[in-house]
Amino acid sequence: ERPERVFYVGAPGVENIHRLQLMEREEFFERLGLPRRRRLLSVTYHPETLELDSTGEAFSNLLEALDKLEDTNLVFTKANADMSGRLINKMIDEYVESRPERAVAYASMGRHFYLSSLKYVDAVVGNSSSGIIEAPTFQIGTVDIGDRQKGRVRAKSVIGCEATTDAIYRAIEKVTSSSFKEVLSASKNPYDQGMVSEKAVAVLASYPLVGILKKEFYEA
């Protein structure tokens, strides 16, 4: 695109955080239905479409890393409809069924419940875009596993790691450590630019739109 036609207004999804009245702590934990523990993690892992053969192994490594964590509850949101998503969801169901005292799973939490969860979890773990785009607004850490979100602009609160058990475990311990709190408190979300819709509308209302229907590619 021509540089003069590119406007940095932020991510629309982040605006929901500022507009919605999120759940109070007691309401959230009552709905979650898990006994309180020292740490609460939100876990979402989707298939990497270019690495489908290793999806099962990668997610198994994640589950093994989670099992190594002490005094930790887990909130899983299930995988998308990409190939191997059913495999991940089956593994989630089996994991939660065998650990009902510390883990719950949702096919979809819905926007309000999910964003409320980000207000109270200690970190987001997996490879969902939410860990990159929404989570940093709450100044919580994100463990981004593998290459699914590779190349995206990210806050300092986001830590990337390989899809091995040890790497995932170390990354989780790092982002939930007391020493990482200073990084979190100073971290800024590059996708959070306030009321995105208002900025987008202002651009559309003021920019000359004549003669732009035919697509042209810009070469720097």
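First, a word on scope: everything that follows refers to the structure included in this document. (Residues numbered from 1 in each chain as written. Predicted model: local features only at pLDDT ≥ 70, side-chain atom pairs only at ≥ 80, totals over all residues. Heavy atoms only, no water.)

**Section: the packing of helix α1 (residues 12-19) against helix α9 (residues 196-206)**
Okay, so step 1: The interhelical angle for the contact between α1 and α9, taken along N-to-C directions, is 130°, at an axis separation of 8 Å. Judged by the angle between their axes, α1 and α9 are oblique. Residues P12, E15 and R19 of α1 form the contact with α9, whose participating residues are V196, S197 and E198.
Okay, so step 2: Residues that form the contact of α1 with α9 fall into these classes: two nonpolar, one polar and three charged. (Axes fitted to C-alpha atoms, helices over the stretch in contact; angles between N-to-C directions. Helix = DSSP H or I, 4+ residues; strand = E, 2+ residues; numbered from the N terminus. Parallel < 35°, antiparallel > 145°, perpendicular 65-115°, else oblique. Contact = heavy atoms within 4.5 Å. Nonpolar A, V, L, I, M, F, W, Y, C, P; charged D, E, K, R; others polar.)

**Some thoughts on the sheet that holds strand β6 (residues 158-161)**
Okay, so step 1: In space, the six strands of this open sheet follow the order β3-β2-β1-β4-β5-β6, with parallel pairing throughout. The open sheet has two edge strands with one neighbour each: β3 (103-106) and β6. Strand-to-strand twist of the sheet, defined as the mean angle between neighbouring strand axes without regard to direction, takes the value 20°.
Okay, so step 2: Sheet topology places strand β4 (residues 123-126) next to strand β5 (residues 141-145); four bridges connect them, and they run parallel. (Pairing = 2+ DSSP bridges.)

**Describing the pattern of salt bridges**
Okay, so step 1: Taken as a whole and assessed by the stated rule, the structure comprises 12 salt bridges.
Okay, so step 2: Close ionic contact of D67 with R102 constitutes a salt bridge, the shortest N to O distance being 3.6 Å. Of this pair, D67 sits in helix α3 (residues 55-67) while R102 sits in the loop between α4 (85-98) and β3, placing them 35 residues apart in sequence.
Okay, so step 3: D67 sits in the partly exposed class, given a relative accessible area of 37%.
Okay, so step 4: Among the charged side chains, a salt-bridge network with shared partners connects E15, R19 and E198. (Salt bridge = Lys/Arg side-chain N within 4 Å of Asp/Glu carboxyl O. Buried < 20%, exposed > 50% of the residue type's maximum accessible area, 1.4 Å probe, protein only.)

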